Structure formats: C-alpha cells, structure tokens
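These are the residues of each chain, in order.
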Amino acid sequence: MTVFLPLQEGTVAPPFPSFLCPASEPTDYWKRVIKAILKAKHIAVVCGAGISVQAGIPDFRSSNGLFQSLKKDNPSLSSGRDLFDASVFKAEDTTALFCQMIAQLAEMSESAEPTQFHHLLRALDDRGKLLRVYTQNIDALESKSGLTFGVPEIGGPRGKPKSKVGPPASQDMPGRLPSPPPEIPRCIPLHGTLGTMHCVSCTHVFPLRDHLEHLISGIPPYCPECTTLEKLRQMSGKRSRGIGKLRPSVVLYNEDHKDGEHVGEVVRKDLTGSSPRADLLLVVGTSLRVPGTKRIVREFSKAVRLRATKANANTNTTSEGDQQIPTSSPRRTPVANEGPITSVYLNLDFPVPTRDWEGVFDVWLKGDAQQFAVAIKAELEKADAAKEAALERKRKREEAAVDAATLAALGEVQIEPQSKKHKISKKKPSKPPPLSASTLSPANPHLTPKSKVPPVSANLTRIDRLPSPDEDSDSSRREKLYLKIPGLGSRMDLKYSYRVTMGKPTAKLK
C-alpha cells in the first residue's frame, strides 16, 4: 500500500491506482514524514524537471512544457519529443532546430537561479544527510546551489582500468601510499548537461558557452582539438583523419550515455558499497518515464526497505546466548499508515503505468516541490536550534561541574586575606626564640623546650575559617583549643595559629 498525502488541504484522493490509501490523520502522518527526513542519515534523491520550473526552465511533458511549445513553434514536427531523439542528427534541418533549441535552453539555464528545493539539497548536504542526487535535469542548477556536480571516471575511461607503464608504484617507490580514490560528486547528471559540448570523433569536452554563436545559427561547430591535430598531420605529411563536430553533452532518446558505465558504477557503489548506504529515498518532480531512471528508483526502494526491515528485526528481538528470541506482538494485518517511511514520491501526478509502482513508495506527497522544500528547511532549522540549545545546556552543566570540582580542591588549602588591623612591617623578621616550658599548652604536652617548631603544612587534614571575636562563644572554646607560637606573630605581618579539633591538628594562615 502507498499512503496518499496531499500538501494542499482539501485535495481528494484520486480513484486510481487501487493500492493508494488516504492517510487517516494527514497532520499526524505529515509529522511522521518530517521525522523520517530529519532522522535519516543518508538520503538518496532522484529528481526531475519539476524542481526547476520555478526557476523559469520549462518541464517536458506538461501542457505548458517544452514538448508542446516546440510542436507549436515547429508544425513540421510530429511531436516536440522528436528534437530529443538521436535521429535528430540524420537531417540538416532537424540538426539546426536542435542546435537552436539547445542554445535557448542554455541561455535560460545560465541566467536561472536555484530554487528552494535546490537550496534544500544544499542544506541536507551541509548537515551530512545527503548521500547522492541523481538528476534528470540538464540545467546544472544543482552546481549553482553549491553541490559538487559531474560524473567521475571510476576505473579510467569507460570503466576500464588505466594502463600503467613500468613497475607498480609499490616497487618503484617503496613506502609510497596508494593514491586515494577520486571523490564522487554529490550530484550525478543522468542525462548530461547543457554546460558542455563534446566531439563525436575524439570525445574531447569544451564549454558550451564558447560555441553559443554557432548553436544559435543552427550550425554545429568543428572540434578545435581535431582541427589542430589535422594541421599537424598535414605538416608532417601524414594522411588525414578528418575533423569531428561538437554536439551538446545531453543524452537523447535511443542513444547510449557516453558516461553510462561510470554512472552505473556510482549507483552500484551507493547500493552495495560497505558504507554509507541510503536509508531514505526521495523522488521529486519526475514522471519516471525513462527506463534507466525507473530502474534506479526501484533498486533504491528495495535497498532502503530491506535495510529498514533488518533494523526493525534487530530492534524487536532480544538475544539470549546464541539464540534470537522474537519479542514482537502476534501477527496481524499490516496497516498502510504504520511501519517506517523509507521511500517518498513527491509530484503533482502519480507515475504511469501505475502497476509498475505498486509496493515501491511508502507515501505519495501530492503537491509542489517548492512548498515541500520550504517546510522541510524550516524543520531543519528548528532542529538545529534545539540541538544548539541542548549543547549549550550541556556546556553549562560541564562548566558547573568543573567549578564545583575546583572549589572542592581549593577547599583543602585556603588563604584568607590579611586583616586590616595588622600593619605590614618593613623590618626583616628576626629568628624566633626557642620554646620554653612556659609556652607549653596543656592541650599538647608532647612539645618540649627542645622541640622544633613543626612546619606549617605538617599533618594538616582540613583548614577552616577561624572564628572572629564575635563568634567566639563558650561552646566554641570548649570544642576548639588554639596554641600560639611566640615569635611568629610579633614581628611579621601574618599570624600562624595551630588548632586542635577532634584530636587532629589543623592550621590556619591568616
């Protein structure tokens, strides 16, 4: 079952497909969708033209889309889709129309700005939640939003290992670490990009803006690389190999993607790699008509569901030795509104044929991609604020604990400021006289005239504030006995006192 959840209130569920189940509590289920996105660690996004319409770039199949406008401007075409077919290069007139159309789209893309959904993708990437974006769009607005963009050459050109001349690096330079693998861009263009052109002969790539005038005139430009090589061959007397022409690096119907093997390798790594793996699939703004994209979506849907099933199995079981004992409730009929949300489809229309998508999506969000992006971005910012507040509270608790520990440590040795009534003497203190029998205290009969004055820090266990004259009551005199050592207080600005409390000598420096 797929839950139907409209973003616009009052929208009625369509009668088809039959496996759609309206959300019983739309508000609560919308909160569940938000929670699933906020909780997800690695989100895989597959997006189409619907996320760029607000930027001024038309989609393809809607009533106001590119196919309809091309058909209206060129009545000779049976459909605007014909200009996106590989057969367009078989005739000069269709080639000219194709080049002019690409020039217009390139100018639109150059002046367009990223939409709210593009900014949402960047926000997810900044928080480390975005695994990959597979885009069907050729406008490259994802790169303008700050995402890394392109198709990496994994394993060398066309997926083949690069040839090496000479011994391996480990033999040539002992101790040398192997080169790190190339970083995979965050956004992978499935259908190419309007930003580049490539030669059909030597496959060299060039910026499209450098050849925009030729495209506007409807004439494909010649390859500068082939032209240079041809001149060198003529100068050296070698035979001609011909000069190739440049074409926009967009993938047309009924042709293979020139970087298809590299794209497939990225998909394979994201699906079966050790880590990280997607735990949420988000499909936005695409009608899912292209076979390659359909397969990617179906494979990711299986992967995230399987991962969620394993996670729930680990959660609902307890281990007793080597045996796993299930603790879940007895079997009952599953309800569409229950279970984890792992795959979300966001578009104004459900993909057709509908039978191909039964059991693929957990929820269909019917609505605008930009409205969705604004709502999710607000929730992300709210979650960030709550996390910052929690970190601040934790920091304050740690500081309070450190302060308490510091005060406890300082409580073992306390030095009180000198009383104002004592004047500082500038004279050098003289050597204290020896103790005599008259200075002995009954509280400490072990002191003899020959005893030396013990050091101030000897046998001290605790230091406490000495009572002031006002606080010195009979009870305090009965509990505390003080022994003054003559000679230390008469000539110095500080007075040393010993105190005997509960049979343990302590000292006070004051």
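Note that the structure is predicted; figures quoted are calculated from it, not measured.

Next up on the list: the side chain of Arg-132. Its place among the elements puts Arg-132 in strand S4 (residues 130–135). At a separation of 3.0 Å, a polar atom in the side chain of Arg-132 contacts the side chain of Asp-270. Arg-132 has contacts with Ile-43, Ala-44, Val-45, Ile-184, Pro-185, Arg-186, Ile-188, Val-266 and Asp-270, leaving out every residue within four places of it along the chain.

We now examine the sheet that holds S4. The eight strands are arranged S2-S1-S13-S12-S9-S3-S4-S5 in an open sheet whose pairing can be described as parallel. In the strand order of this sheet, the two ends are held by strand S2 (20–22) and strand S5 (187–189), each with one partner. Between one strand axis and the next, the sheet turns through 20 degrees on average, direction left out of account. Pairing geometry for strand S3 (residues 43–47) and S4, over five bridges, is parallel. Along S4, the bridge assignment pairs Val-46 with Tyr-134. Each of S3, S4 and strand S9 (280–284) touches helix H4 (residues 116–126); the most contacted strand, S4, lies at about 150 degrees to it.

Okay, the confidence of the model for the chain next. Of the residues in the chain, 70% reach a pLDDT of 70 or more, and the chain-wide mean stands at 80. Here residues 157–172 scores under 50 on pLDDT; set against residues more than four positions off or in separate chains, the count is 14 contacts. This model gives residues 318–335 a pLDDT under 50, and the stretch forms 14 contacts once residues within four places in sequence are excluded.

Its place among the elements puts Gly-339 in the loop between strand S11 (323–326) and strand S12 (343–347). Sequence spacing of Gly-339 and Asp-362 is 23 residues, and the spatial spacing of their C-alpha atoms is 9.0 Å.

Here we come to a nonpolar patch on the surface. A cluster of nonpolar side chains, Leu-229, Leu-232 and Met-235, forms an exposed patch at the surface whose accessible area comes to about 350 Å². Of note, Leu-232 is situated in helix H8 (residues 224–235).

Our focus in this paragraph is the sheet that holds strand S8 (residues 246–250). Hydrogen bonds along the backbone pair up the strands of a sheet, which may run parallel or antiparallel. Read across the open sheet, the three strands follow the order S7-S6-S8; overall the sheet is antiparallel. Here the strands that pair on one side only, and so sit at the sheet edges, are strand S7 (205–207) and S8. For this sheet the average axis-to-axis angle between neighbouring strands, irrespective of direction, equals 45 degrees. Pairing of strand S6 (residues 192–199) with S7, which is carried by three bridges, proceeds in the antiparallel orientation. In the strand pairing of S7, Thr-196 is matched with Pro-207.

Thresholds applied
- Residues numbered from 1 in each chain as written.
- Predicted model: local features only at pLDDT ≥ 70, side-chain atom pairs only at ≥ 80, totals over all residues.
- Heavy atoms only, no water.
- Helix = DSSP H or I, 4+ residues; strand = E, 2+ residues; numbered from the N terminus.
- Polar contact = N/O pair within 3.5 Å; in protein donor to acceptor, adjacent residues only side chain to side chain.
- Contact = heavy atoms within 4.5 Å.
- Pairing = 2+ DSSP bridges.
- Axes fitted to C-alpha atoms, helices over the stretch in contact; angles between N-to-C directions.
- pLDDT = per-residue confidence, 0-100.
- Patch = residues over 30% accessible without salt bridge, like charges linked within 9 Å, V, L, I, M, F, W, Y side chains within 5 Å.
- Areas by Shrake-Rupley, 256 points an atom, 1.4 Å probe, with all protein chains shown as cover.
- Salt bridge = Lys/Arg side-chain N within 4 Å of Asp/Glu carboxyl O.

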